[in-house]
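The lines below spell out each chain.
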Amino acid sequence: MAYYLRYFLVLLTLTAMGCPSPATLPALSEGEAAPRNVILLIGDGMGIAQITASMYHEGKPLSIERFPVTGIQQVHSADNLVTDSAAGATAFATGSKTNNSALGLNERLESVPTILEMAEQRGLATGLVTTAPIVHATPAAFFAHVPLRGQYEDIAVQLTQSGVDFFVGGGMKYFNQRSQDQNDLIEIMQRSGYLISSVYEQPFATLQPNFNQKFGYFTAMENPPAFSAGRDYLPFASRTATRFLERASDKGFFLMIEGAQIDWGGHKQDFDYLLSELNDFDLAVREVLKFAVKNKETLVIVTGDHETGGLAIQPGSTQDSLIAAFATDYHTATMIPVFAFGPGAGYFRGMYDNTDIFHRMVRALGWQ
């Protein structure tokens, strides 16, 4: 009994240390200005083992190795020790725990405001870039409020109503080939002032967005292809998004970029797929970091929503020949690293809950 009591007291202490409330967070360092812009990059399914594998495989420093601040986050959802992407991204987007599968709701299934919506209310420009359908769980958590992440057509309607200034991702069929109604949401967005294009009209690299017009680009009818199958838009779209959003508002911007298919490689237990997606994500991080270094007013955060696959690098591995093993084809409950760069980066040191990603972004921006 004494052992369990000691264990319980230690657990309480660690929880208290790891999950500080927003009120206890430190202020910005003396003389440090608040960021005008926040860019949150999410490597879906990217844990410490995936990052380690990528570092060895690439044989050169990853972009995140330039980030001066590192933290670690706890990733459980409200109803499960093993979170899914919906609950994980909702924690980032709203600061609220929710049940697996829910988006933009708290655990009582009440709608809660997202950081993207708060940014828009304050006049900031907003953007979303993903290698998944734009209605998938991670991007949808920043603008949608639904109990089930699979409500893709409902989520598509909410995107048209969100006011987001810039988006790039797949899932075009949920907008113009709908089963629950005959509405053409692309036409509706165009009538409301969006410039909408797709991979079926022209390659993303040939586009010249009008910085005075909201912009959307569909990269696939449903799921975009893998990086190894020729998908090449994530780094370029990430660079374009920063240039676009910088011009879209003089008050700053919020941008979320997702490397979605890191997770898909883990689910498939396909190590080569996983490594190629990690490489593509690192190229996107590099583009964002270039912008932030030049801009000097941008807080960049890189993290994952959960780990996928229970990846381990096995004995006998060398830097030139990694031997990988997977423990599962689903997510695990392991903690996830956080990397931060730019004004406000100091908020992201230490151990904390995934909901604190939201609170620390809000505090860094000075929104209290």
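Above this text is the structure in question.
Note that the coordinates shown come from a computational prediction; the quantities given were computed from them, not determined experimentally.

Asks: Whenever I open this one, the packing of aromatic side chains confuses me. Can you help?
Replies: A ring pair, where both rings are aromatic, is described by two values, the distance of the centres and the angle of the planes. Scanning all chains against the criterion turns up 14 aromatic pairs. Taking the centre distance of 6.3 Å and the plane angle of 65° together, the rings of F204 and F215 count as edge-to-face. On the criterion of sequence distance, the pair formed by F204 in the loop between strand 5 (195-198) and strand 6 (215-218) and F215 in strand 6 is long-range, its members being eleven residues apart. For the pair F204 and F215, a shared accessibility class is recorded, and that class is buried. Put simply, the rings of F166, F204, F211, F215, Y217, F236 and F244 pair up and form one aromatic cluster.

Asks: Looking at this model, I keep getting lost on the packing of helix 9 (residues 233-248) against helix 11 (residues 271-295). Mind explaining?
Replies: Axes are the key here: two packed helices are described by the angle between their axes and the distance separating the axes. Running from amino to carboxyl end, helix 9 crosses helix 11 at an angle of 25°, the nearest separation of the two axes being 7 Å. Comparing their axes, helix 11 and helix 9 come out roughly parallel. The hand of the helix 9/helix 11 crossing is right-handed. Facing helix 9, whose interface residues are L234, P235, S238, R239, T242 and E246, helix 11 presents D280, F281, L283, A284, E287, V288, F291 and N295. Broken down by class, the residue content of the contact of helix 9 with helix 11 amounts to seven nonpolar, three polar and four charged.

Asks: Explain empty space enclosed by the protein here, please?
Replies: Which parts of space are left empty comes out when a probe the size of a water molecule is rolled across the atoms. Under the definition given, this model contains one cavity of 30 Å³ or more. Here the largest cavity defines a volume of roughly 80 Å³. If you trace the largest cavity, you find it lined by M46, I51, S54, L62, I64, L278, F281, D282, V285 and V302. Contributing elements (two or more residues each) for the lining of the largest cavity: helix 2 (48-58) and helix 11. Per-element accounting of the lining of the largest cavity gives the leading share, four residues, to helix 11. For the lining of the largest cavity, the class distribution of residues is eight nonpolar, one polar and one charged.

Asks: Can you walk me through the sheet that holds strand 1 (residues 37-43) in this structure?
Replies: Across a sheet, paired strands are connected by hydrogen bonds in the backbone, their directions being either parallel or antiparallel. Taken in spatial order, the ten strands make up an open sheet running 5-6-4-3-7-1-8-13-2-14, and their pairing is mixed. Two strands in the sheet have a free side with no partner beyond their single neighbour: strand 5 and strand 14 (350-353). This sheet shows a mean twist of 15° between the axes of neighbouring strands, independent of strand direction. By the bridge criterion, four bridges tie strand 5 to strand 6 in an arrangement that is parallel. Bridge pairing links L195 to F215 in strand 6.

Asks: It is not clear to me how the side chain of D280 should be interpreted in this structure. Could you clarify?
Replies: Mapped onto the secondary structure, D280 falls in helix 11. Apart from the residues within four sequence positions on either side, D280 is in contact with T131, F227, R231, L234 and P235.

Asks: Honestly, the nonpolar core in this entry has me stumped. Any pointers?
Replies: Most often, soluble globular proteins have nonpolar side chains that are buried together. Within the largest apolar cluster, 55 residues are counted, with the highest numbers of intra-cluster contacts made by F142, F167, F175, F254 and F348. Considering every element that reaches this core, the biggest residue donor is helix 12 (residues 355-365), with six residues. Other than its neighbours up to four places away in sequence, F142 contacts L40, I42, A89, F92, A93, T114, I115, L116, E117, L128, F254 and M256. Formed by 44 residues, the second largest nonpolar core is a distinct cluster that contains A49, V168, V288 and F341.

Asks: I keep staring at helix 11 and nothing clicks. Help me out?
Replies: Given 3.6 residues per helical turn, the α-helix brings residues three or four places apart onto the same face. Taking 1.5 Å per residue as the helical rise, helix 11 with its 25 residues ought to reach 36 Å, and the 36 Å between its terminal C-alpha atoms agrees with that figure. Counted residue by residue, helix 11 has 18 buried out of 25 residues, so it is predominantly covered. You can read the cap of helix 11 off the contacts: a side-chain oxygen lies 3.3 Å from the backbone nitrogen of D272, and it is on D270. A positive backbone phi angle near 70° is found at K296, which sits one or two residues after helix 11.

About the thresholds
Residues numbered from 1 in each chain as written. Predicted model: local features only at pLDDT ≥ 70, side-chain atom pairs only at ≥ 80, totals over all residues. Heavy atoms only, no water. Phe/Tyr/Trp six-rings, centres within 6.5 Å; stacked < 30°, edge-to-face > 60°. Helix = DSSP H or I, 4+ residues; strand = E, 2+ residues; numbered from the N terminus. Buried < 20%, exposed > 50% of the residue type's maximum accessible area, 1.4 Å probe, protein only. Axes fitted to C-alpha atoms, helices over the stretch in contact; angles between N-to-C directions. Parallel < 35°, antiparallel > 145°, perpendicular 65-115°, else oblique. Left-handed = near helix turned anticlockwise from the far one by under 90°. Contact = heavy atoms within 4.5 Å. Nonpolar A, V, L, I, M, F, W, Y, C, P; charged D, E, K, R; others polar. 1 Å grid on protein atoms, 1.4 Å probe; cavity = no way out; pocket = protein on both sides within 12 Å on 5 of 7 lines; lining within 4 Å. Points joined across faces, edges and corners; volume = space filled by probe spheres on them. Pairing = 2+ DSSP bridges. Core = buried A, V, L, I, M, F, W, Y, C linked by side-chain atoms within 4.5 Å. Expected span 1.5 Å × (residues − 1). Polar contact = N/O pair within 3.5 Å; in protein donor to acceptor, adjacent residues only side chain to side chain.

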